[in-house]
Amino acid sequence: QVQLVESGGGLVQAGGSLRLSCAASGRTLSMYIMGWFRQAPGKEREAVAAISERSLSTYYVDSVKGRFTISRDNAKNTVYLQMNGLKPEDTAVYYCAAKVRRGSRWFGEPYDYWGQGTQVTVSS
């Protein structure tokens, strides 16, 4: 079992930055692909970014490319999402998730473990 706890969300003005953290306990994160997802009110959950077990590969949804950066520190059992140039449309609850590698689409769902989420609100 892996427990994931997100932090770092908040209210920020458009153009601002936030860094989300996802701390894991229970098992070493180095075994898992890690992803960040978000869900805005009335919308489906969306994969935002993912990072492979040893940080060799990353994935970003087109809408955040060049603005968001996913990283991980396996020694600290923590994954990060640096969000720069935030836009009102980035407003959502952000979740981190962990999965064991399987299938050809390495960053795709399903994920095995999920955090409780952290709210990010970007004002215009």
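Below is a summary of the structure that appears in this document. (Residues numbered from 1 in each chain as written. Predicted model: local features only at pLDDT ≥ 70, side-chain atom pairs only at ≥ 80, totals over all residues. Heavy atoms only, no water.)

1. Some remarks on the nonpolar core
Then, in step 1: Among the nonpolar cores identified, the biggest contains 39 residues, and Leu4, Met34, Trp36, Leu81, Met83 and Tyr94 are the most heavily contacted of them.
Then, in step 2: Among the elements of the structure, strand E3 (18-25), strand E4 (33-39), strand E5 (46-51), strand E6 (58-60), strand E7 (68-73), strand E8 (78-83), strand E9 (92-99) and strand E11 (118-123) are those that each provide at least two residues to this core.
Then, in step 3: Of the residues forming this core, the biggest block, 5 residues, is contributed by E9.
Then, in step 4: Other than its neighbours up to four places away in sequence, Tyr94 contacts Glu6, Leu20, Trp36, Phe37, Arg38, Val48, Phe68, Leu81, Met83, Gly117, Thr118 and Val120. (Core = buried A, V, L, I, M, F, W, Y, C linked by side-chain atoms within 4.5 Å. Buried < 20%, exposed > 50% of the residue type's maximum accessible area, 1.4 Å probe, protein only. Helix = DSSP H or I, 4+ residues; strand = E, 2+ residues; numbered from the N terminus. Contact = heavy atoms within 4.5 Å.)

2. Some details on the pairing of E9
Regular strands place side chains that alternate from one sheet face to the opposite one.
Then, in step 1: Burial of E9 is extensive: 6 of the 8 residues sit out of reach of the surface.
Then, in step 2: Across 7 bridges, the pairing between E4 and E9 is antiparallel. Paired with Met34 across the bridge in E9 is Ala98.
Then, in step 3: Sheet topology note: the E9/E11 ladder contains 3 bridges and is antiparallel. Each residue of the ladder has a partner; that of Ala92, found in E11, is Val120. (Pairing = 2+ DSSP bridges.)

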